[in-house]
Amino acid sequence: MHGMIDYLGSLIISGMVFLVLMGFYLTMGETAATQTFNSGIQEDLTSTTEILEYDLRKIGYRVSDSVKVTFAGPDKIVFRTDIDNNGSVDSIQFSMVTAMGPSGGSNPYVVNRTVNGVTAKLTRMRVTNLNFTYYNAQGAVTSVLKDIISVKVSLAMENTVAYDGNFPKAYWERVIKPQNLR
Amino acid sequence: MSGRALLITLAGIITLSATVFLNVTSSSSDISSNADGYFMRQTAQNIAQSGVNMALRQLADNRIWRTGFTMLDVFGGKLTVTLIDTFFTGKAAVKITSTGITNYNRPEEKRATSIAFAQRGSIPPTVKAAITTNNPVKTLGTLIVDGRDHTAAGSLIGGQGTLGIWTTQTLSQSGSSKIGGTYEGTDYAPSKPANPNTIATGQVWPGGYPGTPDSVLGGSSLGFPEGTLKAIAQSGIGGSQYVTNPSLLTFPLQGVTYVELPSGGTWQSMNLDGTGILIVHNNWKNAAMKNLNSGTFTGLLIADDVIHIHTIIIGALVALSPNPSQGNCIGNGSGQVLYSGDAILNATGGIGSSAGGGNGSASGVLAWWE
């Protein structure tokens, strides 16, 4: 009798422990997967923004005339600079364009970087928003090319692979004040 | 459950847990590492930018400063700044290279470099005296022409000035006017008659006396092809102004002020308050400034013809016309022309920059790579 009770008790307790452990492992597994996806999108965001910042900081370098930004759109910017510091001025464009190939997620866009007509895709993950806002010396939003002193860039991306129906997302925003515009 | 089975189960649980935790921790470390790396790169960038600004501040106080900084502690990182004299797009410049370092000497070390080209001021070779002219010069009244060096504020600096008056033609010193200067390191206070060591007459300019403002600053060889100064004035850089009617000028003058008068035109009885480079010139070399009555001008004054200085000019005056139409009397009142190398360096060092007073966030910066 006592043995039966012991066995029953052990069964119940081990069952409860087993359920707790299963729940724990499921949660940890979900966390691990989410972390992995977040890490991936963060890496892509970091590398993309590093290039964006590097180039935008150099707007107008070695450009002698007053118009250094030649196109200022909400999702596209074209500007002049000597990006490779070789003495000749280059034209650089950043724009958000429709991604080619299989689509998925909420918005199938990517960010392209074009230097003197040669285009390269910057992002591996999917871009949901690329926005440029332009400011004059008084801090007011402007669309007059020669008045642009600073540029606010915002970039939102999401992973191309969903986990549990959700696409991990990341967002970055920065105001860049190129020294050669001031 | 037997003890052995329990032990096996426990071992399995521990192994699985360790694997999951390792996976989570690794991902978290990657995320943290990304964020940390981004922050450190930005901090290094900020240190580098600060280094350039610190160097520009030093140059503003002392234009011959080239010492730089070596491994200076800034914002929790290290800063190194070097300066060299060079040319940028044909203009004499000081190249400032600033390197910011975070996590110095560690595996996570991040470095960023910013480079700025600051325009290097120079004293044009055409400035041979406090007053340099291509015509006969007459001084009257109590005009003082002092070729000894002065600060931009007008304080005397001993032993490093230049001549009082240099002309290709003749000099007539009359009234109570006084002329002084520095010759071979010896200062001669303004006097009447002027010490012969402080004046030079009947001079010859090899290749011909400069006939335009740009050639006064050295022409194409020193980054001033014909039309440069006029273009700078027209651009409005750093307060520069271009006018054909001097009544439209705003004061105090700064940057490059270019007054282009019609043939035979005269700018009369003006206030000269301001700094920089003031040019009064036309294609016929007969634009005249007459009765410089008030205000202190600090910098380089280049004019076809200057008549009756009654105010204070600190820097230098270069007159272009060989045949001034309104006489040769450069001063007949109580004016002063005090040579100042400092004022000329400040005037020439601040030109050639783009909007906002600098191609960069500082006046006199030609370009900034960050």
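Computed from a predicted structure; not experimentally measured. (Residues numbered from 1 in each chain as written. Chains lettered and ligands numbered in written order. Predicted model: local features only at pLDDT ≥ 70, side-chain atom pairs only at ≥ 80, totals over all residues. Heavy atoms only, no water.)

Report on the overall build of chain B, specifying residues and quantitative values.
Each helix and strand in chain B was counted, giving 4 helices and 25 strands. The long-range share in chain B, meaning contacts at least 24 apart out of those at least 6 apart in sequence, stands at 53%. Surface summary for chain B: the accessible area is close to 15,300 Å², and the carbon and sulfur share equals 54%. (Helix = DSSP H or I, 4+ residues; strand = E, 2+ residues; numbered from the N terminus. Contact = heavy atoms within 4.5 Å. Areas by Shrake-Rupley, 256 points an atom, 1.4 Å probe, with all protein chains shown as cover.)

Explain the interface of chain A and chain B residue by residue, including any values.
On the chain B side, the residues contacting the 35 residues of chain A number 32 residues. Summing both partners gives a buried area of about 2,800 Å² for chain A against chain B, and 53% of it is carried by carbon and sulfur. For the pair chain A and chain B, the number of links is 2 salt bridges. Between B:Arg41 and A:Glu50 there is a salt bridge whose closest N-O contact spans 3.1 Å. Scanning the region where chain A abuts chain B turns up 10 residue pairs in polar contact (both at pLDDT 80 or more). Of all the elements in the fold, those that place two or more residues in the side of chain A that touches chain B are α1 (2-56) and β8 (169-176) of chain A. Counting residues per element, the side of chain A that touches chain B draws most heavily on α1(A), at 18 residues. Residues of the side of chain A that touches chain B, tallied by class, amount to 11 nonpolar, 13 polar and 11 charged. (Buried area = accessible area lost by both parts, 1.4 Å probe. Salt bridge = Lys/Arg side-chain N within 4 Å of Asp/Glu carboxyl O. Polar contact = N/O pair within 3.5 Å; in protein donor to acceptor, adjacent residues only side chain to side chain. Nonpolar A, V, L, I, M, F, W, Y, C, P; charged D, E, K, R; others polar.)

Requested: an account of helix α3 (residues 228-235) of chain B, with residues and values cited.
Residues and elements named next belong to chain B. When α3 is considered as a whole, its buried residues turn out to be Thr228, Leu229, Ile232 and Ala233. Buried residues in α3, looked at end-on, bunch into an arc of 135°, giving them a common side. The inward-facing, buried residues of α3 contact α2 (213-216), β15 (241-243), β16 (256-259) and β18 (274-280). Backbone geometry just downstream of α3 places Gly236 in the positive-phi region, at approximately 80°. (Buried < 20%, exposed > 50% of the residue type's maximum accessible area, 1.4 Å probe, protein only. Arc of directions from axis to C-beta.)

Residue-level account of the sheet that holds strand β3 (residues 91-102) of chain B, with values.
Residues and elements named next belong to chain B. With respect to topology, 5 strands assemble into an open sheet ordered β1-β2-β3-β4-β25, the strand pairing being antiparallel. The sheet terminates laterally at β1 (69-74) and β25 (365-369), the two strands that pair on one side only. Taking each pair of neighbouring strands and ignoring which way they run, the sheet shows an average axis angle of 20°. Sheet analysis places strand β2 (residues 77-88) next to β3, joined by 11 bridges and oriented antiparallel. Of the residues in β3, the one forming a bridge with Ile84 is Lys95. Across the sheet, helix α1 (residues 3-61) lies against β1, β2, β3, β4 (110-119) and β25, angled at about 145° from β3, the strand it touches most. (Pairing = 2+ DSSP bridges. Axes fitted to C-alpha atoms, helices over the stretch in contact; angles between N-to-C directions.)

Go over the sheet that holds strand β19 (residues 288-294) of chain B, please, and point to the residues and values.
All names here are of chain B. With respect to topology, 3 strands assemble into an open sheet ordered β17-β19-β21, the strand pairing being parallel. Strand pairing shows two members of the sheet lacking a second neighbour, β17 (266-271) and β21 (305-309), which therefore form its edges. Going from strand to strand, the sheet's axes swing by 20° on average, the running direction of each strand aside. Bridging between β19 and β21 involves 4 bridges; their strand directions are parallel. Counterpart to Leu292 in the pairing with β21 is Ile309.

Break down the packing of aromatic side chains for me, citing the residues and quoting the values.
Residue and element names in this part refer to chain B. Within this structure, the stated rule accounts for 11 aromatic pairs over all chains. Residues Trp65 and Phe69 carry aromatic rings whose centres are separated by 5.4 Å and whose planes lie at 50° to one another, so their mutual orientation is tilted. Look at Phe69 and you get buried, because its relative accessible area is 15%. Between Trp166 and Tyr209 the ring centres are 6.3 Å apart and the planes differ by 25°, which places this aromatic pair in the stacked class. Separated by 43 residues along the polypeptide, Trp166 in strand β10 (residues 163-167) and Tyr209 in the loop between β14 (199-200) and α2 bring together distant segments of the chain. (Phe/Tyr/Trp six-rings, centres within 6.5 Å; stacked < 30°, edge-to-face > 60°.)

Help me get a handle on the confidence of the model for chain B, residues and values and all.
Residue and element names in this part refer to chain B. A residue-level look at chain B finds 95% of positions with pLDDT of 70 or above and a mean pLDDT of 88. Taken together, the stretch residues 352-362 has pLDDT below 50 and engages in 43 contacts with residues farther than four places along the chain or on a different chain. Interface confidence for the predicted complex, given as ipTM, is 0.78, next to a pTM of 0.65. (pLDDT = per-residue confidence, 0-100.)

Which residues make up empty space enclosed by the protein, and what are the values?
Residue and element names in this part refer to chain B. Counting across every chain of the model gives 2 cavities of 30 Å³ or more. Of the pockets and cavities examined, the largest cavity occupies roughly 100 Å³. Together, 12 residues line the largest cavity, and Ala92, Arg120, Ser122, Leu222 and Phe224 are the ones closest to its centre. Tallied by class, the residues present in the lining of the largest cavity amount to 7 nonpolar, 4 polar and 1 charged. In terms of domain composition, the lining of the largest cavity takes at least three residues from each of domain 1 (33-120) and domain 2 (129-349). Considered as a void within the structure, the second largest cavity measures approximately 70 Å³ in volume. If you trace the second largest cavity, you find 11 residues lining it, with Asn135, Asp305, Val306, Ala319 and Ile330 closest to the centre. Classifying every residue of the lining of the second largest cavity by side-chain character gives 5 nonpolar, 4 polar and 2 charged. (1 Å grid on protein atoms, 1.4 Å probe; cavity = no way out; pocket = protein on both sides within 12 Å on 5 of 7 lines; lining within 4 Å. Points joined across faces, edges and corners; volume = space filled by probe spheres on them. Domains from an automatic or database assignment.)

Give a description of the pairing of β4(B) that names residues and reports values.
All names here are of chain B. Burial within β4 is extensive, with 7 of its 10 residues counted as buried. Of the pairings in the sheet, the one linking β3 to β4 comprises 10 bridges and is antiparallel in character. Bridge pairing in β4 places Gly100 opposite Ala112. Across 4 bridges, β4 lies against β25 in antiparallel orientation. In the strand pairing of β25, Ile115 is matched with Trp369.

Could you give an account of unusual backbone geometry, with specific residues and numbers?
In the segment running from B:Lys192 into B:Pro193, the intervening peptide bond is cis, with an omega of 0°. With an omega of 0°, the peptide bond between B:Phe251 and B:Pro252 qualifies as cis. By secondary structure assignment, the location of B:Pro252 is in the loop between β15 and β16. Residue A:Asn85 is not a glycine yet carries a positive backbone phi of 55°. A positive phi angle, near 45°, is found at B:Ser269, a position not held by glycine. Mapped onto the elements, B:Ser269 comes out in strand β17.

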